[in-house]
Protein chains: 2
Amino acid sequence: MMQGKASIKFENPPHILGAASVVGEKEGQGPLGQQFDVVSQDPMFGQDNWEAAESSIQGQAAELAIQKAALQKEQIRYLFAGDLLGQLIATSFGLMKLEIPLFGLFGACSTMGEALSLASMAVNAGYADYVEALASSHFASAEKQFRFPLAYGNQRPYSATWTVTGCGAVVLGKEGGQSRITGITTGKIVDLGVRDSMNMGAAMAPAAADLIMQNMIDFNVTPEHYDKIITGDLGTVGQQALLTLLKEEGVNLEGQHMDCGIEIFDPEKQDTHAGGSGCGCSAVTLCAHILQQIESGNWRRVLFAPTGALTSQVSYNEGQNIPGIAHGIVIERV
Amino acid sequence: MMQGKASIKFENPPHILGAASVVGEKEGQGPLGQQFDVVSQDPMFGQDNWEAAESSIQGQAAELAIQKAALQKEQIRYLFAGDLLGQLIATSFGLMKLEIPLFGLFGACSTMGEALSLASMAVNAGYADYVEALASSHFASAEKQFRFPLAYGNQRPYSATWTVTGCGAVVLGKEGGQSRITGITTGKIVDLGVRDSMNMGAAMAPAAADLIMQNMIDFNVTPEHYDKIITGDLGTVGQQALLTLLKEEGVNLEGQHMDCGIEIFDPEKQDTHAGGSGCGCSAVTLCAHILQQIESGNWRRVLFAPTGALTSQVSYNEGQNIPGIAHGIVIERV
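Residues numbered from 1 in each chain as written. Chains lettered and ligands numbered in written order. Predicted model: local features only at pLDDT ≥ 70, side-chain atom pairs only at ≥ 80, totals over all residues. Heavy atoms only, no water.

Novice: Break down the overall build of chain A for me, with residues and values.
Specialist: Within chain A, the regular secondary structure consists of ten helices and 16 strands. Radius of gyration (C-alpha) of chain A: 18 Å, near the 20 Å computed for a compact globule of 334 residues. For chain A, the spread of C-alpha atoms along the principal axes amounts to about 50 × 50 × 35 Å. The buried share of chain A, taken over its 334 residues, is 68%. (Helix = DSSP H or I, 4+ residues; strand = E, 2+ residues; numbered from the N terminus. Rg over C-alpha atoms; globule rule 2.2 N^0.38 Å. Buried < 20%, exposed > 50% of the residue type's maximum accessible area, 1.4 Å probe, protein only.)

Below, the structure is given as structure tokens:
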């Protein structure tokens, strides 16, 4: 079951029984717009503040994924969930009403990878018949948390990314569905000294490179083993850094690499600079697009590896670096 | 293996191979002072700021527990770790140098329970030979994060608790040691409407009551099954609330209940009002005191159930309630 230094190959690969994506208007206008389950025209999602708005989309995505899996919430044994906000308040207030035992997780924008890893471990081991993994972000709650008040209208450099408003939720179980999680690779913290919060892609690329290399070493495969190797939110600047770092290791990823942050917005029309980011970016792209590609037979096997930048407004203001982490999930067609 | 709604009974109970506690001066002067591994006289732990100080104690406790387990850090397959700060920066910067795959966790002050739960699940399932679970808090980084600047010197009501400066770390493995984790009960979010951030004990008591009831239902036991039922940081006010809530359910816990927050400080001499709190409170009390009581044979079986208050400065300022969560661990003498 243990595979190499940091990976697990599951004996009873958990199946993906339902997945739901709830996003904001801007995400709905992007290239994947038609594939999301719910696109809201109201950035507040009917709530009084940005944090409550994010909570609202977590709750909505969680319930919709359970419904799409044809289950009742009482059948879900554990939630594995997180968000980008201090003390995970989007998760706490969004999932409370479900009354399901909860493991709160923080892996910055890698959280969907962390959640799917632990959720898969639980199902494979027989700890649960059904579990749910989810992660969210909201443009406005994230800007308020990490950068400037929206009303300040600051200019953003071209290396900056745009935090996705959305939540992706996946229900896993022992059998059923058309895709399954056959293995995972768990990331460690990697710090190459980047300090620019407007260039998160560069900060996260070393962790993505480390995770992808570790996955290939642990499972003894080459990039061609996967139809796609998918990072979360490196964006265009981070993608170049990733490809360069891997090239230095003798690995050419150009044919396989895809980044959710690059896919989710249209760079010509949507003015999002380097792409999308946030926990929600990889989570909704997984639920709306990646799983659809696998289930339709276009892709047979992918490595889904969301990346996170481990920073806070406090650590940033204290002059700390922005280390990264990534968590890899191998998803295959049944 | 699954037991009732929210519990697991392990087939291969993970053994506790090493535990370490690193605390500050005030904790060293308290009733448990002689039992901690490291007591520092420097609240900054040689660092430049409070967050770096907390990172420093995480790193120190992590390494000391590995050393006490007679292992090398390369043998630890996964870290399960968290803290109270936004985006877990004490964890990120404290554990980076270990270069061990990391699952970042947030359960507020229940984090040590959450970490031990997931760590035990990993070892029992055969995903790892050795794992480490840890959690920290620091009085000054927590006050800065949640309340007032220290220099403001605000008065604290008697229901307030004092955040413990400390980190507790536990290394788990398949065999060895004198205590082991035989089961877990995973908590859900419970909100009875408390909004007073100076009375966290009352906010967390409903979650503690819910968890303890669920544990007894799932394992079909009464309080006497345990030599002690130990909450994390309810303090004296929260303890009364817990005992009252359980009495309403027909359960008398008075003979069994112990709270780490009540044990760690001397209410007469240390001016900490309702007691100690923070992730570090239950973590260091476990590592320094509870495990020692089990290993010396004074206690044969305990339910260790740290409790967390799911709040942030943002949710508090927005007028949200303070929901709670608890995670229970059954620890038995080998």
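Novice: Talk me through the nonpolar core; I want residue IDs and the actual numbers.
Specialist: Grouped together as the largest cluster of nonpolar side chains are 184 residues, with contacts concentrated most on A:Phe80 and B:Phe80. Ignoring sequence-local partners within four residues, the contact set of A:Phe80 consists of A:Phe103, A:Leu105, A:Ala115, A:Leu118, A:Ala119, A:Ala122, A:Val131, A:Glu132, A:Ala133, A:Leu134 and B:Leu118. (Core = buried A, V, L, I, M, F, W, Y, C linked by side-chain atoms within 4.5 Å. Contact = heavy atoms within 4.5 Å.)

Novice: Give a detailed account of the side chain of A:Asp218, specifying residues and quantitative values.
Specialist: Along the chain, A:Asp218 turns up in helix α6 (residues 200–219). Put simply, A:Asp218 is tucked away with no salt bridge, and the nearest opposite charge, on B:Arg77, sits 6.0 Å away. A polar contact of 2.7 Å, which involves the side chain of A:Asp218, links it to the side chain of A:Ser7. Non-local contacts of A:Asp218, meaning those with residues more than four positions away in its chain, are made with A:Gln3, A:Gly4, A:Lys5, A:Ala6, A:Ser7 and A:Thr185. (Lys, Arg positive; Asp, Glu negative; His and termini not counted. Salt bridge = Lys/Arg side-chain N within 4 Å of Asp/Glu carboxyl O. Polar contact = N/O pair within 3.5 Å; in protein donor to acceptor, adjacent residues only side chain to side chain.)

Novice: Could you give an account of helix α9 (residues 279–295) of chain B, naming the residues involved and the relevant values?
Specialist: Residue and element names in this part refer to chain B. Under the 1.5 Å per step criterion, the end-to-end length of α9 is 23 Å for 17 residues, consistent within 8% with the ideal 24 Å. Residue leucine 286 marks the point of greatest curvature in α9, where the axis turns by about 50°. Across the 17 residues of α9, 15 count as buried, placing the element largely inside the fold. Following α9 by one or two positions, glycine 297 has its phi on the positive side, about 90°. (Expected span 1.5 Å × (residues − 1). Bend = angle between axes of the 7 residues up to and from the residue.)

Novice: Before we move on, can you summarise the relation of the copies chain A and chain B with the specific residues and values?
Specialist: With an RMSD of 0.0 Å, the operation that places chain A on chain B is a rotation of 180° combined with a shift of 0.0 Å along the axis. Taken together, the rotation and translation describe the operation of a two-fold axis. When you check the interface residues of chain A against chain B, 100% turn up at the interface there too, and the contact is symmetric in its surfaces. (Least-squares fit on C-alpha atoms with pLDDT ≥ 70 in both.)

Novice: Got a sec to walk through the side chain of B:Ser110? Specific residues and values, please.
Specialist: Residue and element names in this part refer to chain B. Structurally, the position occupied by serine 110 is in the loop between β6 (102–104) and α4 (111–124). Here glycine 107 takes part through its backbone oxygen, which lies 2.5 Å from a polar atom of the side chain of serine 110. Once residues lying within four places of it in the same chain are set aside, the contact partners of serine 110 are Pro306, Thr307, Gly308, Ile325, Ala326 and His327.

Novice: Report on the packing of helix α4 (residues 111–124) of chain A against helix α9 (residues 279–295) of chain A, specifying residues and quantitative values.
Specialist: Residues and elements named next belong to chain A. For the pair α4 and α9, interaxial distance at closest approach is 8 Å and the crossing angle is 55°. Relative to α9, the element α4 is oriented oblique. Where α4 abuts α9, its residues Thr111, Met112 and Leu116 lie against Cys279, Ser282, Ala283 and Leu286. In the contact of α4 with α9, the residues fall into five nonpolar, two polar and no charged. (Axes fitted to C-alpha atoms, helices over the stretch in contact; angles between N-to-C directions. Parallel < 35°, antiparallel > 145°, perpendicular 65-115°, else oblique. Nonpolar A, V, L, I, M, F, W, Y, C, P; charged D, E, K, R; others polar.)

Novice: Got a sec to walk through the environment of B:Val284? Specific residues and values, please.
Specialist: Residues and elements named next belong to chain B. Following the sequence through the fold, valine 284 ends up in helix α9. The buried category is assigned to valine 284, whose relative accessible area is 0%. Sequence-wise, valine 284 and aspartate 37 are 247 residues apart; in three dimensions their C-alpha atoms are separated by 9.5 Å. If we skip the residues at most four places from it in the chain, valine 284 touches Ser21, Val22, Val23, Phe36, Val164, Gly166, Cys167, Gly168, Ile264 and His289.

Novice: Go over the pairing of strand β3 (residues 15–23) of chain A with me, naming the residues and quoting the values.
Specialist: All names here are of chain A. Summarising burial for β3: nine of the nine residues are buried, a large majority. Here two bridges tie β3 to strand β10 (residues 179–186), and the two strands are oriented antiparallel to one another. In the sheet register, isoleucine 16 faces β10, and the bridge partner there is serine 179. The pairing of β3 with strand β9 (residues 166–173) spans eight bridges and is classified as antiparallel. (Pairing = 2+ DSSP bridges.)

Novice: An account of the interface of chain A and chain B is requested, with residue identities and associated values reported.
Specialist: When the parts of a complex come together, some accessible area is lost, and that lost area is often used as the size of the interface. At the junction of the two partners, chain A supplies 65 residues and chain B supplies 65 residues. Between chain A and chain B the total buried area reaches about 5100 Å² when both faces are included, carbon and sulfur atoms providing 64% of it. Of all residues in chain A, A:Met2, A:Gln87 and A:Tyr127 bury the most surface against chain B, accounting for 16% of the area lost on that side. Inspection of the region where chain A meets chain B yields two salt bridges. The partner of B:Lys144 in a salt bridge is A:Glu318, with the nearest N and O atoms 3.0 Å apart. Put simply, chain A and chain B have 26 residue pairs in polar contact (both at pLDDT 80 or more) between them. (Buried area = accessible area lost by both parts, 1.4 Å probe.)

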